[in-house]
Structure formats: C-alpha cells, structure tokens
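# What the coordinates show
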Number of protein chains: 2
Amino acid sequence: MEQIKRTKIVDLLKLDPAGEIVNVKGWVRSKRGNKNVSFIALNDGSTIKNIQIVVDSASFDESVLKPITTGACISVNGALVASQGQGQTMEINASEIQLYGEADPNVYPLQKKGHSLEFLREIAHLRPRTNTFSAVLRVRHAMAYAIHKYFNDRGFFYLHTPIVTASDCEGAGEMFQVTTLDLNAIPKTTEGGVDFANDFFGKATSLTVSGQLEGELGAMALGAIYTFGPTFRAENSNTPRHLAEFWMIEPEVAFNEIVENMDLAEDFLKYLIQYALDNCQDDLAFLNEMWDKELLERLDFVVKNKFIRLPYTEGIKILEEAIAGGHKFEFPVSWGIDLQSEHERYLVEKHFKCPVILTDYPKEIKAFYMKQNDDGKTVRAMDVLFPKIGEIIGGSQREEDYDKLKTRIEEMGIPMKDMWWYLDTRRFGSAPHSGFGLGFERLLLFVTGMGNIRDVIPFPRTPNNAEY
Amino acid sequence: MEQIKRTKIVDLLKLDPAGEIVNVKGWVRSKRGNKNVSFIALNDGSTIKNIQIVVDSASFDESVLKPITTGACISVNGALVASQGQGQTMEINASEIQLYGEADPNVYPLQKKGHSLEFLREIAHLRPRTNTFSAVLRVRHAMAYAIHKYFNDRGFFYLHTPIVTASDCEGAGEMFQVTTLDLNAIPKTTEGGVDFANDFFGKATSLTVSGQLEGELGAMALGAIYTFGPTFRAENSNTPRHLAEFWMIEPEVAFNEIVENMDLAEDFLKYLIQYALDNCQDDLAFLNEMWDKELLERLDFVVKNKFIRLPYTEGIKILEEAIAGGHKFEFPVSWGIDLQSEHERYLVEKHFKCPVILTDYPKEIKAFYMKQNDDGKTVRAMDVLFPKIGEIIGGSQREEDYDKLKTRIEEMGIPMKDMWWYLDTRRFGSAPHSGFGLGFERLLLFVTGMGNIRDVIPFPRTPNNAEY
C-alpha cells in the first residue's frame with residue numbers, strides 16, 4: 001500500500017473534495033451496499049462525523065472486504081470527492097485498503113444497533129467507541145481545556161494540592177484510607193490501636209476530599225490560584241449523582257470578597273458554557289438530538305441571563321410561600337435547613353426560571369472556615385443553583401480573623417494539631433479571600449445533558465465498582 | 001480608605017508611571033528607610049518583581065507604620081510615579097495604607113535573610129511566599145498550561161484515567177492500598193486471608209502507578225489522547241529524585257509507530273521549554289541567577305539542537321568503549337543491563353553533548369506491552385535522555401498483535417483476570433499505536449534548575465512525610 005500521510009477526519013471534512021488522493025485511518029461504524037459497491041462509514045474519534053468510503057467490489061478481492069465489519073480498524077487510500085448520496089458532502093473512493101484489526105461480529109459487543117447506557121456501563125473499556133461516549137469525552141476535554149484557559153488568561157496559577165493527606169478537616173464526607181501496612185497482619189500499639197509507625201507516612205493517611213485548605217495557602221502567596229484534581233468520597237451512595245472518585249476545580253483568590261467571588265463564579269460558568277457552544281457544536285447537536293431535546297436551549301439561556309442573587313433567608317421565605325400556596329415538597333422547609341435538590345430546583349426552575357446564587361446560609365449547616373456575618377447566625381457562603389442540576393458551585397468568603405476562626409474550630413471539635421498550618425495563614429499576613437468549588441462531573445451533566453454521572457467520566461468508581 | 005480597583009503588580013509594571021492613583025495589595029517583603037521616609041518592597045505573587053511603596057512618615061501615624069513588617073499584608077492607595085532610586089523603574093507614593101494582617105517579627109519564620117531549602121521544606125505551607133518557590137510555582141503553572149495547550153492545539157483529548165484501581169498490571173513499583181475496612185478489625189475469609197467483600201469496592205484496590213493502559217483504551221476510540229494526573233509509588237526511597245505522589249503526562253496515539261512517537265516526544269519537549277523561555281523570563285532569570293548559572297544556556301541548547309537517536313545496542317558499545325578508554329562507572333556495563341543514571345548522563349553530557357533518544361531495548365528490562373522486534377530480543381522502547389536529569393521520557397510502540405501480547409503476559413506471570421479489558425483492544429479493531437510518559441516533576445527539575453524534586457511540587461509526599 002502506498003504511504004500517504006494520514007489526515008484526520010475532522011480535517012478531511014474541511015478540505016475541498018476535488019479528487020485529491022488522501023489516506024484515512026479509523027474504525028468501521030457500519031458497512032452496507034450490494035454486490036457491486038460497498039459503503040463504509042468510518043470514524044477515527046476526531047469528530048462525531050464519519051467519512052463515507054466507497055468501495056467498488058470489482059477492484060478488491062472478496063477476502064479484503066469480508067473482514068471489514070463493524071468495529072474493524074482499517075487504513076484507506078483514495079480520492080476525496082463530492083458525494084452524490086444523502087447525508088454527507090464528501091466521500092472517499094477507495095483505491096487501496098489495509099486491514100489493521102478485525103472485530104469478529106459474533107463476539108464484538110458494539111454492533112450497529114443502539115445500546116442502553118446501562119449495557120454500555122458494563123463495557124466501559126469499549127464505550128468510548130460509541131457516538132454518545134465519544135461526544136461526551138470530547139466535550140469533557142473541551143471543558144477541561146476551557147477551565148485551564150480561563151484561569152491562565154486571568155493570571156491564576158494552577159496549584160497541585162496533595163491527593164494523599166494526613167488531615168481530615170473539611171469533614172466533607174467519609175474518606176478512603178491509604179496504607180502500606182499488611183492488612184493480614186496490622187501492627188498494634190501497646191494500647192491496642194493500629195500502630196502507624198511503620199506505615200509509609202508514619203501516620204494514618206487518606207485520600208483528599210478537597211484541595212481548598214491547601215489552595216488557601218497558595219492564594220495567600222501567589223494571589224490567585226486554582227486546583228483541578230481528583231477528590232474522593234467513601235459514601236456508600238448508589239445514585240445517578242454520586243461518584244467515589246471525581247474531579248473538582250477550586251479557585252481561591254486573595255482580596256476577593258463575597259461579591260467578587262459571585263462575579264467570578266458567574267463569569268466562569270458562562271465562559272465555560274459559551275466555550276462549549278462555540279467549540280463543541282457537532283457533539284452538542286448530537287447529544288441534543290439523542291438524549292435531551294432542550295439541551296442547547298438550556299445552555300443558551302444560562303449564558304444570556306444574569307443570575308439572580310439572593311440571601312438564603314429570602315429563599316426560605318419563597319419556599320414557605322410556595323407551600324402556603326399548595327406546592328408539595330418531600331422534605332420540610334424552615335429557616336436552618338440544608339436545602340434539598342427539590343428546593344433548589346423549585347427556586348431555579350419554577351420561581352425565578354433562572355440560575356440563582358444563594359448567599360448567607362446559617363452557619364450551622366456550613367463549614368468552619370466560612371466568614372461569619374455580623375448577625376452571629378449566618379456565614380458568607382454562596383451556592384450557585386442551576387436548572388436540572390441543583391447546586392453546581394459551592395463557595396464562600398473565608399474567615400480571615402485568626403481568633404474567630406480558632407474559636408469556630410474549637411466549637412466544632414476539629415483537632416487543633418491538624419490545623420496549625422491552616423491557622424498560620426491568619427497568623428501571618430492574613431487578608432480577605434474567597435473561593436469556590438465546582439464539581440467537574442456536575443458541570444458535564446449540565447453541558448452534555450446526560451442524566452447519570454457515571455456516563456460523563458471515562459471509568460466511574462462507585463460502590464463495588466473499580467473495574468479497569 | 002478610598003475604594004479603588006486593585007491592580008496586580010504584574011499589570012502595574014506595564015503602566016506608564018504618570019502619577020495615576022492606583023491601589024495595590026500584597027505582602028511586605030521588606031521595609032527600610034529613616035525617620036522621614038520608608039521604602040516598602042511589596043509583592044503580590046503575580047510576578048517575582050516587587051513594587052516599591054514610598055511612605056512619607058509625616059503623612060502617617062507611627063501606629064500605622066509600625067506593624068508593617070516583613071510578611072504583613074497591606075492595601076495601598078497612591079500615585080504611580082517614575083522612580084528616582086536604583087533597582088526599579090517605578091514606585092508608588094502612598095497616600096493611604098490599610099493593614100490587613102500583621103506578621104509578628106518575633107515568630108514569623110520568613111524574615112528577610114535567606115533560608116536554606118531544607119529549612120523551607122519544613123514550612124512548606126509558607127514557602128510559596130519566598131522568591132524561589134513563587135518562581136517555581138509560576139513556572140509549574142506555565143508548564144502545566146503549555147502541556148494542555150500543546151495537546152489541545154493538535155487535536156488530542158485529555159482523558160481522566162482512574163486514580164483508584166483494582167489492577168496491578170504495570171508492575172511499575174509498589175502500590176498504596178486504598179480501603180474503607182476498619183484497620184482495627186480486618187475481616188477475614190474462612191481461608192484466613194483479608195475478606196474484601198465488605199470493602200468499598202468489594203475487592204482489593206490501590207492507587208494507580210500509570211494511566212497508560214486505560215489511556216490505550218481511549219486512543220483506540222478517540223485517536224489521540226493524553227493523561228495528566230497524579231500517580232503513586234510506595235517505594236521507600238529518600239532521595240532527591242523520588243516522590244511517593246507525583247504528576248505524570250501520558251500521550252497515546254493510534255496509528256503512530258515508533259518514529260512518529262519519537263518525533264512527538266522531541267517536538268513536545270522543545271515546545272514546553274520554548275514556552276518557558278517565552279513566558280517565564282523573569283522567573284527563569286531569577287532561578288538562573290540564584291540556583292543554577294547554566295540554566296538558561298541549557299534550556300536554549302535543548303530547543304536548538306536535534307536530539308540524537310540511537311539503538312540501545314549502539315549505546316552499550318559507546319559505554320564499553322568509554323570503559324576501555326579508561327572511564328570509570330560505578331555500575332558495570334554489558335548488553336542487557338538497565339542503564340543507570342551515570343550511563344545515561346555519560347552518553348548525553350560527555351559523548352554526544354546533546355539529548356539522546358535511545359531505542360530498541362532488551363525486552364527483559366522493559367514492560368510486557370511493548371512491541372516486539374523481529375530479532376526476538378528487543379522491543380520498540382524509547383527513552384529520552386536529558387543533560388543533568390537522565391531519563392525524562394519513557395515510551396514505546398505498543399504490541400498490537402493479540403497473540404504476541406497474550407503470550408508475553410503469560411510469560412511474565414501477569415494474572416489474565418486483570419487483563420481481559422486491555423486485551424480486548426487487540427481483539428477488536430486493533431491498530432498500531434504508541435505513547436510515552438513524562439514525569440511532570442522531572443520536567444520541572446530540568447526547566448527550573450532546582451536540584452531536589454521536593455522543591456518543585458507544592459506539598460511533597462515522601463516516606464514519613466504527609467504534612468498539610
């Protein structure tokens with residue numbers, strides 16, 4: 001076979017189909033035709049679009065064509081020409097074909113017919129070869145890149161906060177333990193507890209639940225940082241909204257107060273969604289058509305409308321009025337409750353019909369590090385609530401006063417031995433600062449319109465599931 | 001104090017110092033002066049450069065000025081004017097000063113005098129406030145961004161491979177166990193082993209040592225992917241080159257053979273180093289002056305010279321000739337050995353005086369997945385060897401033949417139950433493909449000139465060290 005430099009399909013489709021001889025490589029999505037001619041839909045992952053390969057049966061031996069079945073990998077040389085058929089503007093008239101790898105139709109699980117998302121979760125190692133998952137993964141890439149670009153362009157520094165940690169301060173949920181001790185023979189102290197002296201780190205360690213506390217150290221030195229890394233929760237929750245391993249983005253900015261923090265969150269989310277609309281048109285159009293007919297409309301709405309900003313206390317009033325007006329919620333509503341998804345979605349979807357930033361939550365339901373308001377009851381928290389998703393961002397201005405923070409740590413019974421380094425940021429050159437966390441997969445649920453969080457991450461980790 | 005929008009120092013220094021009233025916020029690096037005037041060197045992390053604040057003592061109460069000591073955080077309004085003094089082109093004549101946070105000189109550990117890197121490792125939560133570590137962390141950010149930009153611009157998709165994994169196939173080193181079992185009461189099976197049935201994932205799991213195998217799944221669907229995530233080694237190595245937790249970049253490309261893989265690695269490294277030279281001038285100039293006077297020269301040399309490419313067998317001959325010529329190595333040299341750092345550096349620094357890509361290593365010293373050459377002895381591995389660092393990249397073309405790969409897995413005693421999903425890539429639509437791994441901190445050692453890998457990551461994890 002003649003050696004011609006390969007062109008990716010995404011680039012081929014931008015060329016003028018004037019008969020130039022090109023090389024394309026990829027995986028067969030389907031083959032149809034008759035005894036005279038075959039039409040192969042070839043995909044190489046660079047775009048959701050296939051290129052049609054037209055094969056004149058007279059020019060090829062049957063032994064070449066027979067193994068070209070769905071899933072097989074081939075290399076094709078041929079002329080790129082305008083297509084007479086429907087559904088594509090150009091096609092390749094094959095002159096040479098090389099088979100790289102077969103895909104036995106008797107055992108290859110991804111035949112042409114549609115598959116349920118549940119079935120595809122069972123073969124997560126192959127599902128990126130489907131239209132849906134390749135689209136989701138390309139959007140995932142685009143969003144990750146947009147996140148880095150957004151922060152880089154605005155002078156934030158990417159900070160790698162640690163994954164293995166000896167502190168359990170956030171209390172954000174149950175943690176996975178990390179150890180090199182022999183589980184068959186755990187060493188014990190004389191008091192009968194686990195003796196971590198010979199563990200790798202010489203103490204008990206876990207997987208991080210958040211990089212925020214270390215992120216604050218970075219912000220108090222570099223001014224503006226962001227994290228983007230894996231975080232972990234050992235919660236035994238088998239729901240479409242929970243993963244044991246997921247990725248989180250946490251910007252932290254010195255000198256930002258709560259209003260600048262809200263401005264940043266709103267601008268950031270709008271930028272990301274606009275980036276998807278601008279750079280993932282084909283994939284979003286496919287996902288809109290296939291899974292969620294309101295997807296594009298919803299994305300468009302969010303970038304075009306100013307988010308409503310309102311205190312938690314006002315939000316509770318609206319919910320109480322809704323109940324008085326006859327609206328039924330599953331969970332009760334009163335000042336002090338942690339809002340459920342149904343409450344958040346009522347405010348966003350029913351009442352305001354717009355994304356909402358709720359602020360100034362009761363201090364009892366928020367983390368110790370949030371800046372205390374003068375009312376003694378609330379803290380400068382902010383949650384961004386989205387249609388369909390509920391909370392997509394949670395953040396706050398941080399308490400910068402050493403004494404107030406220390407008192408709150410004591411009140412909440414957090415061991416001071418784990419907190420000395422965090423408190424040092426308030427001992428030495430303290431400053432107002434703020435930040436927030438965005439769950440990457442939550443963002444992807446919103447941007448792709450997918451309904452289950454296991455379908456927006458390549459290899460989901462959930463209870464009893466760590467395959468691949 | 002009048003509310004004026006803050007300007008970062010990096011942006012201030014681009015302005016015309018024509019007397020405009022500006023606001024700047026940051027941390028005091030030093031204060032000097034006399035009873036009439038004080039000069040404050042202020043830094044906000046946006047650049048290694050300070051802005052000089054000139055304070056006329058007559059305009060401020062002593063109580064305002066006294067707590068402004070090294071490490072304190074302040075906000076300053078004043079006129080941006082050309083500087084008469086040496087060492088800066090502009091300065092701010094302070095009209096208003098607000099103190100955010102003090103830094104008691106009796107206890108704040110980062111006083112003006114220089115500190116050893118060893119001492120700063122003990123206070124890793126504060127060291128980003130020093131010139132050296134803020135420079136390193138800004139370069140680290142720039143390199144991370146350049147990596148994403150390089151791949152995004154070339155149509156690669158960022159793939160998040162799993163951190164918690166149930167497979168231990170790479171054999172790249174000892175692994176950390178991840179568990180939710182109560183270490184005080186490990187459940188046992190009837191045979192006496194650990195009963196993982198009630199562990200979170202229902203089986204033994206560990207922290208990943210590499211995303212490559214999952215990366216190959218992505219490449220065989222999306223065409224070209226890269227990973228960039230944390231990886232872990234539970235090796236008890238207390239050296240300036242080892243971390244238990246570090247970040248790795250692993251591109252994987254369908255249809256690339258070994259030569260394209262070498263081309264990619266060389267182009268990628270040159271791009272990154274050129275990006276640093278173009279975007280981190282101030283920080284690199286500081287690091288060159290402070291820690292490594294040959295840094296800039298070395299970086300420049302690498303981007304300007306074509307890497308030497310040569311087979312392992314030729315490399316061994318050169319080393320044997322060196323020994324015959326009287327050169328002493330600590331470790332012996334013969335065909336079949338795994339090269340030591342001293343051997344790699346001899347080839348790079350003494351013999352070729354140029355980066356070297358060594359290929360076609362003996363199969364016994366390389367991983368099972370590398371493509372076997374026809375000689376039956378070597379595999380299509382490639383290591384990129386750099387001055388000062390030794391191996392900076394390791395990669396290979398992968399074995400795409402199902403039977404050859406399966407045989408090799410059996411020969412090496414890898415449990416087939418862990419490998420079915422990996423083998424599926426060769427069962428269904430297999431194709432030639434290649435990739436490599438770049439240790440992010442190795443790259444940073446090279447680009448920053450720092451000598452200890454603990455000094456190029458914000459929070460190093462090493463034996464007995466998981467603080468913060």
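Look a little higher up for the structure.
All figures in this text were calculated on a predicted structure; none of them were measured in a lab. (Residues numbered from 1 in each chain as written. Chains lettered and ligands numbered in written order. Predicted model: local features only at pLDDT ≥ 70, side-chain atom pairs only at ≥ 80, totals over all residues. Heavy atoms only, no water.)

For chain A, the helix and strand inventory stands at 13 helices and 16 strands. Each principal axis of the C-alpha atoms in chain A carries an extent, and together these give about 85 × 60 × 45 Å. Taking contacts inside chain A between residues at least 6 apart in sequence as the whole, the part at least 24 apart equals 67%. When the accessible surface of chain A is split by element, carbon and sulfur atoms take 48% of a total near 18100 Å². Both charge centroids of chain A, one from 51 positive and one from 66 negative side chains, sit 4 Å from each other. (Helix = DSSP H or I, 4+ residues; strand = E, 2+ residues; numbered from the N terminus. Contact = heavy atoms within 4.5 Å. Areas by Shrake-Rupley, 256 points an atom, 1.4 Å probe, with all protein chains shown as cover. Lys, Arg positive; Asp, Glu negative; His and termini not counted. Charge placed at Lys NZ, Arg CZ, Asp CG, Glu CD.)

The next point concerns helix H7 (residues 281–290) of chain A. Of the positions making up H7(A), those classed as buried are A:Asp283, A:Leu284, A:Phe286, A:Leu287 and A:Asn288. Close packing links the buried residues of H7(A) with helix H4 (131–153), helix H6 (258–279), helix H8 (295–304) and helix H13 (440–448) of chain A. (Buried < 20%, exposed > 50% of the residue type's maximum accessible area, 1.4 Å probe, protein only.)

We now examine the pattern of salt bridges. Here the structure, examined in full by the defined rule, presents 52 salt bridges over all chains. Residue A:Glu411 pairs with A:Arg408 through a salt bridge whose shortest N-O separation is 2.5 Å. On the criterion of helical spacing, the pair formed by A:Glu411 and A:Arg408 is a turn pair, its members being three residues apart in helix H11 (residues 402–411). Accessibility expressed as a relative area gives 52% for A:Glu411, which makes it exposed. Notably, a salt bridge pairs B:Lys306 with B:Glu266, separated by 3.7 Å at the nearest N-O pair. Here the residue B:Lys306 occupies a position in the loop between helix H8 (295–304) and strand S12 (308–311), and B:Glu266 occupies one in helix H6 (residues 258–279), the gap between them amounting to 40 residues. One salt-bridge network, held together by shared partners, links A:Asp263, A:Glu266, A:Lys270, A:Lys306 and A:Arg309. (Salt bridge = Lys/Arg side-chain N within 4 Å of Asp/Glu carboxyl O.)

Moving on, we get to the nonpolar core. Formed by 165 residues in total, the largest nonpolar core has its most connected members in A:Met143 and B:Met143. Aside from chain neighbours lying at most four places away, what touches B:Met143 is B:Leu272, B:Tyr275, B:Ala276, B:Phe440, B:Leu443, B:Leu444 and B:Val447. (Core = buried A, V, L, I, M, F, W, Y, C linked by side-chain atoms within 4.5 Å.)

Time to look at the packing of H6(A) against H8(A). All names here are of chain A. Two numbers describe how H6 lies on H8: the axes approach to 9 Å, and their chain directions differ by 140°. In this view, H6 runs oblique relative to H8, as classed from their interaxial angle. When you trace H6 past H8, the crossing you get is left-handed. Packed against H6, whose contacting residues are Lys270, Ile273, Gln274 and Leu277, the element H8 presents Leu296, Leu299, Asp300, Val302 and Val303 at the interface. (Axes fitted to C-alpha atoms, helices over the stretch in contact; angles between N-to-C directions. Parallel < 35°, antiparallel > 145°, perpendicular 65-115°, else oblique. Left-handed = near helix turned anticlockwise from the far one by under 90°.)

This part covers the interface of chain A and chain B. Opposite the 114 residues of chain A that make contact, chain B presents 114 residues. Summed over both sides, the interface of chain A with chain B buries roughly 9000 Å², with 65% coming from carbon and sulfur. For the pair chain A and chain B, the number of links is two salt bridges. Between B:Lys203 and A:Glu467 there is a salt bridge, with the nearest N and O atoms lying 3.8 Å from each other. Counting the contacts that link chain A with chain B gives 40 residue pairs in polar contact (both at pLDDT 80 or more). By residue number, the principal contributor to the side of chain A that touches chain B is H4(A), which donates 11 residues. Among the residues forming the side of chain A that touches chain B, the class breakdown is 60 nonpolar, 32 polar and 22 charged. The pairing of strand S8 (residues 177–179) of chain A with strand S8 (residues 177–179) of chain B spans three bridges and is antiparallel. Across the sheet, the residue bridging to A:Gln177 is B:Thr179, located in S8(B). (Buried area = accessible area lost by both parts, 1.4 Å probe. Polar contact = N/O pair within 3.5 Å; in protein donor to acceptor, adjacent residues only side chain to side chain. Nonpolar A, V, L, I, M, F, W, Y, C, P; charged D, E, K, R; others polar. Pairing = 2+ DSSP bridges.)

Residue and element names in this part refer to chain A. Ordered by their spatial adjacency, eight strands build an open sheet running S6-S10-S11-S16-S15-S14-S13-S12, and the pairing between neighbours is mixed. The open sheet has two edge strands, strand S6 (157–158) and strand S12 (308–311), and neither has a second partner. Across two bridges, S6 lies against strand S10 (residues 224–232) in parallel orientation. Note on S10: the bridge partner recorded for Tyr158 is Tyr226. In the packing of H4 onto the sheet, contacts are made with S6, S10 and strand S11 (245–254), and the angle to S10 comes to roughly 150°. This element, helix H5 (residues 212–222), spans S6, S10, S11 and strand S16 (433–439) of the sheet and lies at about 30° to S11.

This part takes up the relation of the copies chain A and chain B. When chain A is brought onto chain B, the operation consists of a screw motion whose angular component is 180° and whose axial shift is 0.0 Å, with 0.0 Å RMSD remaining. Between the two chains, the operation in question is that of a two-fold axis. Considering only C-alpha atoms, the part of chain A nearest the rotation axis is A:Val178, at 2.4 Å. Take the interface residues of chain A: 100% of them recur as interface residues in chain B, which is what a same-surface contact looks like. (Least-squares fit on C-alpha atoms with pLDDT ≥ 70 in both.)

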